[in-house]
Structures are given as C-alpha cells and as structure tokens.
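Structural characterization, general
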Amino acid sequence: LTKKHDLKSSNGSAPFGNLCQFNQKLYGMTYQGGASNLGVLFSYNIQNDSFTKIIDFNGTNGQNPFGSLILANNNKLYGCTYQGGSFGQGIIFELNPQNDSFSKKKDFNPSITGSNPYGNLLQAQNGNFYGITFLGGANNIGSIFEYNLQNDTLKGIYSFSSLLATGQNPYGNLVELSNGKFLGTTIQGGSNNGGTLFEWNNNLKTFQVLYSFSNALNGRNPQGSLIKHS
C-alpha cells in the first residue's frame, strides 16, 4: 500500500464516493472541505502523482456531493450533489475532462423531480440518465428521475407512495438489466419496515416491490447499491 495524497480542508475532505478514471486521470468529489467547506471536485494524475482541485462547490453550483462521477458515452463526466442549487436540494452537473470545464445542468425541484440524491447517475441503454432521490417527489419520501441529455430536461418519473406499499427513502444507485428494467433499494419501509428491493419497468412505466427486508432473517436498511452479475 502506498499513500498517494493527503486530503485536507483546503483541497477537500470527507470523500464518500468512488474515483472515476478518464485517460490517465482519476476524478472524484469530496463531501466537505474547499473554500466554502461544501466540497470540491478534483483530479489526480496517475502518471505524475499530481493532485488538482478543479472547482469548489459553493452552494449555487451545488454542495455536499455524496455519490460518484460517471463517464458518459460522450466522454464527459456527470454527477449529482446532495444539496445546493436554486432550490437547495441538489443539482446535476457536467464536467468536460478535456479542459476541466464545469457546468450546472439541472436543479432538483423537490415536488417535481425529487430531491437530495445520495447515489450516482445511471446512463441507460436509451442514452438517458436515471437515478433516485432520498427525499422529494409527491410524498416527500423519494423519487425516480430521468435526465434527457439531448434536450436538457429533468423530470420525476415515479414518486414513492407509502412506507408499506413501496418503501421509502431510496438510497444508492439504480442498476439496469438487459430487459430495460431497473432495480434499486430503499433504506426504509416495506412490509417489515426494513427497506425494500424494487423494480422499475421503464418501458411500461410500472413499479413493484420484489422483496421486503426483515431484520434477523435477511438484514435491513440497505445503504449501498446493487451490482449486476454477468
């Protein structure tokens, strides 16, 4: 094990997500630190061991990113912040790694799109981005959202409805199966109030709970994300 770089308050601190690689650089975010103590976006050059703070999150351009960046099919990086933006509930942003230019794409509007995403974006087979929010939606217990990069539109496509029926407060990322269905988990709710495993059929726009976690039998309150087996 070789320690490569120490994070500190001025260049970001408390990273929660993973690193994302593009060419010979790793890109990441911190939840805190930076000029406003609201987190930073940084790169690390593998070839020369150099660390670069790209931007300071300041509230207006988002704050407190919790998840990770993803590399989209246009060779740009996309991510979310948990808070900040016009409504204070998070944003979706774009980073061009060719010149490190940053742009805020959309603000999360609690009742319309959902708010406060913890996880990452998912670029689906249709080219659109999908994700889940911890709060917001019609019932303020979370939503599934879609961001269309081509026409720059963000909308909520499903609102979690009740503690028992759907679960509440989805956490982490969605995963897409080959049949176009998305799977995810909620941290609370379901028949045992231990969280749920759910499916969103993006073609039919239908939602169903596949499983309710039940404490001693199979654990409860999942905070991570699913991964897709080959």
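Keep in mind it's a predicted model, so treat the numbers as computed, not measured. (Residues numbered from 1 in each chain as written. Predicted model: local features only at pLDDT ≥ 70, side-chain atom pairs only at ≥ 80, totals over all residues. Heavy atoms only, no water.)

What follows concerns the packing of aromatic side chains. Scanning the entire structure with this criterion turns up 23 aromatic pairs. Seen in terms of ring centroids, F66 and Y118 are 4.6 Å apart; in terms of plane orientation they differ by 80 degrees. Their pairing is edge-to-face. Note that F66 is positioned in the loop between β4 (50–56) and β5 (70–71) and Y118 in the loop between α1 (110–113) and β9 (122–123), a separation of 52 residues in sequence. Classification of Y118 by relative accessible area gives buried; the value is 17%. (Phe/Tyr/Trp six-rings, centres within 6.5 Å; stacked < 30°, edge-to-face > 60°. Helix = DSSP H or I, 4+ residues; strand = E, 2+ residues; numbered from the N terminus. Buried < 20%, exposed > 50% of the residue type's maximum accessible area, 1.4 Å probe, protein only.)

Residue position: N116 is located in the loop between α1 and β9. With sequence-adjacent residues up to four places away left out, N116 is seen in contact with Y82, Q83, Q89, T133, F134 and L135. (Contact = heavy atoms within 4.5 Å.)

Scanning the model with the defined rule gives 8 salt bridges in all. Taking the shortest distance from any N to any O, the salt bridge between K104 and D107 comes out at 3.2 Å. With a shortest N-O distance of 3.8 Å, E199 and K181 are connected by a salt bridge. With E199 in strand β16 (residues 196–201) and K181 in strand β15 (residues 181–188), this residue pair connects regions lying 18 residues apart in the sequence. Looking at K181, the relative accessible area reads 23%, which means it is partly exposed. (Salt bridge = Lys/Arg side-chain N within 4 Å of Asp/Glu carboxyl O.)

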